[in-house]
Amino acid sequence: MNLPGNVHRLQQYSQMLQQQQLALPPHFASIAQVLQQQTQQQQVQQQQQLFNYGLAMQQQSPHQMGNTQAAQSLLAMMSGNPQMPGSRPPSPPQPTPPPTPPTNPLKTSGNFSARTPEPSADPGASASTPKTSDFSATLPFQPVTSAVQQVLNTIAGKVKLYSLTLEHIKTTQKHVLDLPPIECASNLETLSRQHKELYDAMLQEHATLMRIFDEIVLSPGEVFHTKKLELQLQKCMKQLDLYQLELMHYVRPDSIPCPAALMITEQPFSRSIVKGQMVPVEAQLLLPSRIEIRSMGRVTADIVQYHSTAKKNGKPTGPYLENATEDLDNEGKVRLHLRFPIGTNKKPVTLRLHVNIKHAPMKCHNPALAQPGVRLVESNQSRPFIITTNSIQWRDSEGILLKMDSFGEMMEISWARFANTLQTYYLAATRQHSEFPTRPLTLKDFDYLSNLKFEQSKIVNLPAFDRFWEWFGPGLEKVRHQKNMCPMWVKGYIYGFISKVDCDALLASHEEGSFVIRFSDRFPGKYATAYVYQGEVHHSLVKDIDSAGNKRTLVDFLHEVDNVRTLLQYKSDFTGKVQVSRIPKEEILQEFFTEKQEARTPGYEELPRSTFRSMIPIATTSTTTTSTAAPPSPQQNSPSQESPCESPSQQNIGSSLPPMTQNRQGYNKSY
């Protein structure tokens, strides 16, 4: 639905209501006037955006090309001037500067404003050439983000218009139902036609939002606004449905019950919830235009199970919910603070609310049929979630929920839909703000994941998802649950998604002791350290005993290793413009490392001893060992040869050990 068509419908709607001598709300005419004044200006801006996108089409990767074509097609559809994706739009005319428009009641808040580029770190550099690393080229993706934001801004304005129109329909319908039966019957068809036109318009905007989510890899803010607008549209459509049912109840009160709905408006699902955690849930009671509520009960929450977790006798082991009842406020809203005392054994469940209302007789064509009644109003089901009892269940639970949320009942989905859904789960797992995160998954990260696990395919199927989660899940679990890992990840101390080839290119120009920490490509959940030693870039796989065994962390490993001194800190915006900063290792240790102090027993002295590992007897190397590797050189077996990246405790094991980087299986291969 384009903007000029929207203005035309508003004018028809206004004329129709004036012919029926129904009062217009004071803001209705101003809305139509403002929309009509800004139509020409918006069309010119959209054409200019489309013209700019065509200039960057040849420089983009396949995924970015698909994003550009989808955004271009969406903008053309919203502007009422569809064009073939990838075609070069005609040069827009140069309009004269328009006068300052009046205040627009549909103008969205600052959260929906277009993203502005960040200033360059180099004072002498221009704003159009931000400072980036040598190996990371600037991605020409900023115009596409602006295009998506422009479409979302347009839909946000229409959603506000729909809300105002619903208020007017409520006033009009209440007035019509108070008329005598003959006069009321003559207006029912007109009201029903208005309902259908408005519902079709909202359904079209909802389809546009779903198309954006399925065809374009969105930024976190755009994903947040898309989901928010979808919820607002669903609420408007549900309210309009109640008005339609109210008209049907007027005609057939014996078969149509009192229309009412309870809608969940805020929920922290889909995700895994720790047993005993307090979870807020909000809902709102929606009512028709003309109803008198005499009394209502308390809102109660219940668990709806996908799979039974009960014992053989059919009864659960304990109460599923605590704090499960609450009263509605004067606006018909309720906020529950639920607590889940037992787990669901990695089985997804949903939540449903219900409330009893007692109402007076509703208006109908035959007053004799109007009867008071009691109605049980149930809400829609919440998104699925899993209640976990320990951190071991987290990885499998998140994988189950991510698969359900991404695929639903489908066997394959688009890459953009999967990437947008993965973004929401990643931000929740790393405890970041869903709209303004510090370190989101960037377009460069998505390209890395697509190359590594999906072969740049635009379609994701269930087997490909399972293979991806087997590699991605353990790493995300470490970031969330291991000590100090989440803040180190968010601050960019762990570089993360970068290949071995890109690591070599990144470190080639840096001095001795520079290093980065990344995820291993071949070993799920493992960290690999790339560092500069004696003028060459080496790669070492960090063992679990070095970063997780015996209450050790990655910070402890960095504290013990002497040959890594300067960390390359990673920072990037969503478009993939990477900025690398050099951070001395001492600053990281000062922030996260705490020296372990053992309590001494009074009256006793400590027995002098060496490190624990040096006291372990070393087995001699068997001469019958079969290996395809070449024997170590004399330099490698020399007592004076030190491991380039070895902790002191490991160096004391024995001088016959080869350097650590050569003791790692697959050292010369990609991790």
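Anything mentioned here points back to the structure above.
These numbers were taken from a predicted model, which means no experiment stands behind them. (Residues numbered from 1 in each chain as written. Predicted model: local features only at pLDDT ≥ 70, side-chain atom pairs only at ≥ 80, totals over all residues. Heavy atoms only, no water.)

Right, let's get into the sheet that holds strand β3 (residues 278-286). Strand order in the open sheet formed by 3 strands is β1-β3-β7, and the pairing between neighbours is antiparallel. Every other strand in the sheet has two partners, leaving β1 (261-266) and β7 (333-339) as the edge strands with one partner each. On average, each strand axis in the sheet is inclined to that of its neighbour by 35°, with strand direction left out of account. (Pairing = 2+ DSSP bridges. Helix = DSSP H or I, 4+ residues; strand = E, 2+ residues; numbered from the N terminus. Axes fitted to C-alpha atoms, helices over the stretch in contact; angles between N-to-C directions.)

We now examine the side chain of D556. Turning to its location among the elements, D556 is positioned in helix α14 (residues 554-560). Looking at D556, the relative accessible area reads 6%, which means it is buried. Among the polar contacts listed, one links the side chain of D556 to the backbone nitrogen of T553, at a separation of 2.9 Å. (Buried < 20%, exposed > 50% of the residue type's maximum accessible area, 1.4 Å probe, protein only. Polar contact = N/O pair within 3.5 Å; in protein donor to acceptor, adjacent residues only side chain to side chain.)

Moving on, we come to the nonpolar core. Membership of the largest hydrophobic core comes to 60 residues, with the highest contact counts inside it found for F418, L422, F472 and F497. Those residues within four positions of F497 in sequence are excluded, and the remaining contacts are L441, D445, Y448, L449, W471, F472, W489 and F519. By size, the runner-up hydrophobic cluster in this structure holds 29 residues, among which are V279, L285, L336 and L351. (Core = buried A, V, L, I, M, F, W, Y, C linked by side-chain atoms within 4.5 Å. Contact = heavy atoms within 4.5 Å.)

We now examine the packing of helix α8 (residues 415-429) against helix α10 (residues 462-481). At a closest axis distance of 11 Å, the pairing of α8 and α10 adopts a crossing angle of 20°. Judged by the angle between their axes, α8 and α10 are roughly parallel. As α8 runs across α10, the sense of the crossing is right-handed. Every residue of α10 that contacts α8 at F418, L422, Y426, A428 and A429 is listed here: F465, F468, F472, L476 and R480. (Parallel < 35°, antiparallel > 145°, perpendicular 65-115°, else oblique. Left-handed = near helix turned anticlockwise from the far one by under 90°.)

Under the criterion given, the structure shown has 22 aromatic pairs. Between F407 and F465, the aromatic rings sit 5.9 Å apart at their centres with planes inclined by 75°, giving edge-to-face as the arrangement. On the criterion of sequence distance, the pair formed by F407 in helix α7 (residues 394-407) and F465 in helix α10 is long-range, its members being 58 residues apart. You can call F407 buried: its relative accessible area is 2%. A relative accessible area of 1% means that F465 is categorised as buried. Here W489 and F519 contribute two aromatic rings whose centre-to-centre distance is 5.5 Å and whose plane-to-plane angle is 40°, an arrangement assigned as tilted. Of the two residues, W489 sits in helix α11 (residues 485-490) while F519 sits in strand β13 (residues 514-519), which places them 30 residues apart along the sequence. Accessibility classification places W489 together with F519 in one group, the buried group. Taking NZ or CZ as reference, R439 lies 3.7 Å from the ring centre of W489, over its face. (Phe/Tyr/Trp six-rings, centres within 6.5 Å; stacked < 30°, edge-to-face > 60°. Lys NZ or Arg CZ within 6 Å of the ring centre and 35° of its normal.)

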